[in-house]
Amino acid sequence: YSSKDLHGAEFIDSYVFNQAEYIRFNSTVGKYVGYTEHGVKNAETWNKGSELAQELGELERFCKHNADIHYSAVLDKTGEQG
């Protein structure tokens, strides 16, 4: 996110194996997307199951809940001279 109002906040959950991303959930897209043959198969399965509902709630549950804490910590340090 780029502003304190969190309007543009985005949650991304990537799955990587052997340094290659094979599946990703993006809250803006609202579903899993596969990047390999295995990832595509998993994305299709996960988009139909309870995994999708859980990921859809993470932006509100985790990201926006903790964003104020982290935003303040960064903002308080910005411009400090040491």
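No experiment lies behind these values; they were computed from the predicted model shown.

## Re the pairing of strand β3 (residues 31–34)
Then step 1. As paired strands, strand β2 (residues 20–26) and β3 are joined by four bridges and run antiparallel to one another. Bridge pairing links Asn26 to Lys31 in β3.
Then step 2. Counted between consecutive antiparallel strands, the loop separating β2 from β3 contains four residues, among which Gly30 sits at a positive phi close to 85 degrees.

## Here's the deal with the packing of aromatic side chains
Then step 1. Across all of its chains, the model carries five aromatic pairs by this definition.
Then step 2. For the pair Phe11 and Phe25, a centre-to-centre distance of 6.2 Å together with 50 degrees between the ring planes defines the contact as tilted. Of this pair, Phe11 sits in the segment before β1 (12–17) while Phe25 is found in strand β2, placing the two residues 14 residues apart along the sequence. One exposure class covers both Phe11 and Phe25, and it is buried.
Then step 3. Where Tyr32 meets Trp46, the ring centres are 5.1 Å apart and the plane angle is 70 degrees; that geometry is what we call edge-to-face. Pair noted here: Tyr32 is in strand β3 and Trp46 is in helix α1 (residues 37–48), with a separation of 14 residues, a long-range link.

## With respect to the pattern of salt bridges
Pairing is possible between side chains that carry opposite charge, provided their charged atoms lie close to one another.
Then step 1. Following the criterion strictly, the structure yields two salt bridges and no others.
Then step 2. Across the pair Arg24 and Glu21 runs a salt bridge, and its minimum N-O distance is 2.8 Å.
Then step 3. Judged by its relative accessible area of 27%, Arg24 is partly exposed.
Then step 4. With relative accessibility at 25%, the residue Glu21 sits in the partly exposed group.

## Describing the environment of Trp46
Then step 1. Trp46 gets classed as buried once you look at its relative accessible area, which sits at 17%.
Then step 2. Once the C-alpha coordinates of Trp46 and Val33 are considered, the two residues, 13 residues apart in sequence, prove to be 9.7 Å apart.
Then step 3. Dropping the residues within four chain positions of it, Trp46 is found in contact with Tyr15, Ile23, Tyr32, Glu51 and Leu52.

## Section: the sheet that holds β1
Strand pairing within a sheet occurs via backbone hydrogen bonds; the two strands may be parallel or antiparallel.
Then step 1. The antiparallel open sheet is built from three strands, whose spatial order is β1-β2-β3. Both edges of this open sheet fall to β1 and β3, since each of them pairs with a single strand only. On average, each strand axis in the sheet is tilted by 20 degrees relative to the strand beside it, whichever way the strands run.

Criteria and thresholds
Residues numbered from 1 in each chain as written. Predicted model: local features only at pLDDT ≥ 70, side-chain atom pairs only at ≥ 80, totals over all residues. Heavy atoms only, no water. Pairing = 2+ DSSP bridges. Helix = DSSP H or I, 4+ residues; strand = E, 2+ residues; numbered from the N terminus. Phe/Tyr/Trp six-rings, centres within 6.5 Å; stacked < 30°, edge-to-face > 60°. Buried < 20%, exposed > 50% of the residue type's maximum accessible area, 1.4 Å probe, protein only. Salt bridge = Lys/Arg side-chain N within 4 Å of Asp/Glu carboxyl O. Contact = heavy atoms within 4.5 Å. Axes fitted to C-alpha atoms, helices over the stretch in contact; angles between N-to-C directions.

Functional significance is not addressed by these values, which are geometric in nature.
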